[in-house]
Amino acid sequence: MPETQQTFDSRSPADGRVVGTFPLMEADAVNEAVDRARIASSWWGDLGFDGRRPYLMRFKSILARRSSELAELVHQENGKPTDDALLEILLSIEHLHWAAKHAERVLKRRKVGTGLLTMNQDARLAYQPLGVIGVIGPWNYPVFTPMGSIAYALAAGNAIVYKPSEYTPMVGEWLIKAIQEAIPDQPVAQLVTGAGVTGAALCNSGVDKIAFTGSGATGRKVLKECAETLTPVTLELGGKDAVLVDASADLEKAADAVTFGAYHNAGQTCAGVERVYVHEAVYHEFLDRVAAKTRDLTPGTNRTSSYGPMTMPTQIDVVRRHVLDAMARGGEAVVGGAESVGDRMISPVLLTNVPEDSSAITEETFGPTIVVNPVRDLDEAVDRSNASSYGLSAAIFSKDRKAMERAASRLRVGAVTMNTWVMNAGVPALPWGGSGDSGFGRIHGEDGLREFTRPKATAREKYALPVALTLTNFQRHPKAADLVRKTFAFVHGRS
Ligand code: NAD
């Protein structure tokens, strides 16, 4: 790092000690990284699917062999228990494997059907790499979240420039070094470190796409920054996910999923359970079960705690404000309360009967709190879930499969899980992303691969059509249009 380079510290959320120091990069350094990636992108794109696959498998193998080392770094820098860190690494490995294995099938040039007027054309569709993808990531899943873009962008033939969150640059650096070790030939993956200025510089650097994951407020800034250069973006933003518990649900299973979904990672999960709508017939029993499980939790700063400290100090005030607002409006705290919100740690808070216009229901809380509210039936649960401006995902618990499927199709979200929580994120073939305030665009699966490509259409004339059937020619036959019109009336006009 040059002596004049400004730096910033990454600190452990457990005790504030410095765990790493990184350059605060501005436009010049970011542009240089993008230039290097641009040169590497030609080489990487030209390798083709067969050429890239062994490199990606080598990266996968590094992740799998050194997962404990990476999990420890995540624990140090993000604060989560090591098993939770391991979980996000293992899921990332599965996504990388899937992306590398399926990229050719999904993206390779293929023949497509033609129409009546174009039956003499050989029509083909290819999905070509865009070039360089700028990936901007958050801190809450510092491995899984960026890998959702990085793995798919690389598999589609792009180079990447990654700007990790200023709260987890050490994990970001580990990932990029692992890619560089797996692909030593060319700098296909570059790291840029810093805060908002660095992210903004990446948006303005001339990359071919920005894959952004983070808050809605920053997502809006990214969209504005990218508007200047017409750089396309995917925005994976926040959520206010609901769980719908039907009268027939297996309450023990639902309570387990809700407790884990809400408190795991200290509630700092975009698809974390923040609202639960429970059929009134089972509301009391369900609430008791969740309360008992909540009281059993042991949050702390150990590697094996139920969950760790809050990673980003400013979020603590948001959580406190939501709990206070819920209670001021008549909500009841079944476990914990405003006093649960400490300086670094927040003990679990279980709220009920919280009015639907409270900030604890309308805004993303991103802390270890849940609101459990009773509803008349599954329909009302769907309506309340859909009343949110967010639309990331939702879960339904019921033994009535038809009712569950009906509710799932009505939910205005990107994904619905049934009798389980967030398992969609672990299925590499399923796309991930939301609507409304949760953003747009998709990572993961076939849609996630195509997100990092430019569809290229080609039409090649196989043979010339008889003049009598040709309309795209000034020398067309006077009767051509009439003949084609009659043919169309015969083929299309009879239904
Ligand atoms: P954030 O918006 O504060 O920061 C995200 C990234 O944007 C960071 O790297 C930051 O440095 C960068 N940034 C800040 N200002 C910028 C600017 N002007 N231009 C470009 N980049 C800029 O979010 P966070 O606190 O790191 O992450 C938490 C949020 O992320 C939550 O809202 C959570 O729900 C969301 N999230 C969403 C998903 C998803 O898949 N939908 C996954 C994980 C997290």
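Residues numbered from 1 in each chain as written. Predicted model: local features only at pLDDT ≥ 70, side-chain atom pairs only at ≥ 80, totals over all residues. Heavy atoms only, no water.

K.L.:
Sorry if this is basic, but what is going on with the sheet that holds strand S4 (residues 121–129) here?
P.N.:
In a beta sheet, neighbouring strands pair by backbone hydrogen bonds and run either parallel or antiparallel. The three strands are arranged S3-S4-S20 in an open sheet whose pairing can be described as antiparallel. Among the strands making up the open sheet, the edge pair consists of strand S3 (110–112) and strand S20 (453–461). The sheet shows a mean angle of 30° between the axes of neighbouring strands, direction not considered. As defined by bridge partners, S4 adjoins S20 across nine bridges and the pair is classed as antiparallel. Each bridged residue has a counterpart across the sheet, and for Leu 125 the counterpart in S20 is Ala 457. (Pairing = 2+ DSSP bridges. Helix = DSSP H or I, 4+ residues; strand = E, 2+ residues; numbered from the N terminus. Axes fitted to C-alpha atoms, helices over the stretch in contact; angles between N-to-C directions.)

K.L.:
How do you make sense of the environment of Leu 91 when you look at a structure like this?
P.N.:
Relative to the helices and strands, Leu 91 is located in helix H3 (residues 82–107). With 56 residues separating them along the chain, Leu 91 and Met 147 place their C-alpha atoms 9.5 Å apart. Leaving out residues up to four positions away in the same chain, Leu 91 has contacts with Phe 144 and Gly 426. (Contact = heavy atoms within 4.5 Å.)

K.L.:
Could you clarify how one ought to interpret the pattern of salt bridges in this entry?
P.N.:
Any two side chains of opposite charge can pair, on the condition that their charged atoms come close. Summed over the entire model, instances satisfying the criterion amount to 34 salt bridges. The salt bridge involving Arg 53 is made with Glu 104; its shortest N-O contact spans 3.0 Å. With Arg 53 in helix H1 (residues 27–65) and Glu 104 in helix H3, the pair connects residues that are 51 residues apart, well separated along the chain. Residue classification places Glu 104 among the partly exposed residues on the basis of a relative accessible area of 27%. Across the pair Lys 209 and Glu 451 runs a salt bridge whose closest N-O atoms are separated by 2.9 Å. Here Lys 209 is found in strand S8 (residues 209–213), whereas its partner Glu 451 is found in the loop between helix H14 (445–450) and S20, with 242 residues between them in sequence. (Salt bridge = Lys/Arg side-chain N within 4 Å of Asp/Glu carboxyl O. Buried < 20%, exposed > 50% of the residue type's maximum accessible area, 1.4 Å probe, protein only.)

K.L.:
It is not clear to me how helix H4 (residues 144–155) should be interpreted in this structure. Could you clarify?
P.N.:
Residues three or four positions apart in an α-helix share a direction because the helix packs 3.6 residues into each turn. For H4, with twelve residues, the first-to-last C-alpha span of 16 Å sits near the 16 Å given by 1.5 Å per residue. Of all the twelve residues making up H4, twelve are buried; the element is thus mostly covered by neighbouring parts of the structure. Every buried residue of H4 is accounted for by Phe 144, Thr 145, Pro 146, Met 147, Gly 148, Ser 149, Ile 150, Ala 151, Tyr 152, Ala 153, Leu 154 and Ala 155. The first or second residue beyond H4 is Gly 157, which carries a positive phi of 105°. (Expected span 1.5 Å × (residues − 1).)

K.L.:
Just checking my understanding: could you explain a negative patch on the surface for this structure?
P.N.:
Together, Glu 26, Asp 28, Glu 32 and Asp 35 give the surface a local cluster of negative charge. Residue placement: Asp 35 occurs in helix H1. Judged by relative accessible area, Asp 35 falls into the partly exposed class, the value being 48%. (Patch = residues over 30% accessible without salt bridge, like charges linked within 9 Å, V, L, I, M, F, W, Y side chains within 5 Å. Areas by Shrake-Rupley, 256 points an atom, 1.4 Å probe, with all protein chains shown as cover. Lys, Arg positive; Asp, Glu negative; His and termini not counted. Charge placed at Lys NZ, Arg CZ, Asp CG, Glu CD.)

K.L.:
Looking at this structure, how should I read the nonpolar core?
P.N.:
Among soluble globular proteins, nonpolar side chains are generally buried collectively. Ranked by size, the top nonpolar core spans 61 residues in total, and within it Leu 63, Met 147, Ile 160 and Leu 449 carry the most contacts. At the level of secondary structure, the elements contributing two or more residues to this core comprise H1, helix H2 (67–78), H3, strand S5 (132–136), H4, strand S6 (159–163), helix H5 (169–182) and strand S7 (189–191). The dominant element in this core, judged by the number of residues it contributes, is H3, at ten residues. Leaving out residues up to four positions away in the same chain, Leu 63 has contacts with Leu 70, Ile 89, Ile 93, Leu 96, Met 147, Trp 174 and Leu 175. Counting residues in each nonpolar core, the second largest holds 55 residues, with Leu 350, Leu 351, Val 372 and Trp 421 among its members. (Core = buried A, V, L, I, M, F, W, Y, C linked by side-chain atoms within 4.5 Å.)

K.L.:
How should the site of the ligand be read in this particular structure?
P.N.:
Around the ligand lies a shell of 31 residues, among which Glu 166, Ser 215, Thr 218, Leu 237 and Glu 364 are the nearest. In the model, an oxygen atom of the ligand is placed 3.3 Å from a nitrogen or oxygen of the Gly 214 main chain. One of the side-chain nitrogen or oxygen atoms of Glu 225 is found 2.9 Å away from a nitrogen atom of the ligand. Going through the elements one at a time, helix H6 (196–203), S8 and helix H7 (216–229) are the ones with two or more residues in the shell around the ligand. Counting residues per element, the shell around the ligand draws most heavily on H7, at four residues. (Near = heavy atom within 4 Å. Polar contact = N/O pair within 3.5 Å; in protein donor to acceptor, adjacent residues only side chain to side chain.)

K.L.:
How do you make sense of the packing of H2 against H5 when you look at a structure like this?
P.N.:
One can describe the packing of H2 onto H5 by two numbers: an axis separation of 8 Å at closest approach and a directional angle of 160°. Taken together, the axes of H2 and H5 lie roughly antiparallel to each other. In this structure, H2 meets H5 at a crossing whose hand is left-handed. Between H2 and H5, the contacting residues are Glu 69, Leu 70, Leu 73, Val 74, Gln 76 and Glu 77 on the first element and Pro 169, Met 170, Val 171, Trp 174 and Leu 175 on the second. Of the residues assigned to the contact of H2 with H5, the class counts are eight nonpolar, one polar and two charged. (Parallel < 35°, antiparallel > 145°, perpendicular 65-115°, else oblique. Left-handed = near helix turned anticlockwise from the far one by under 90°. Nonpolar A, V, L, I, M, F, W, Y, C, P; charged D, E, K, R; others polar.)

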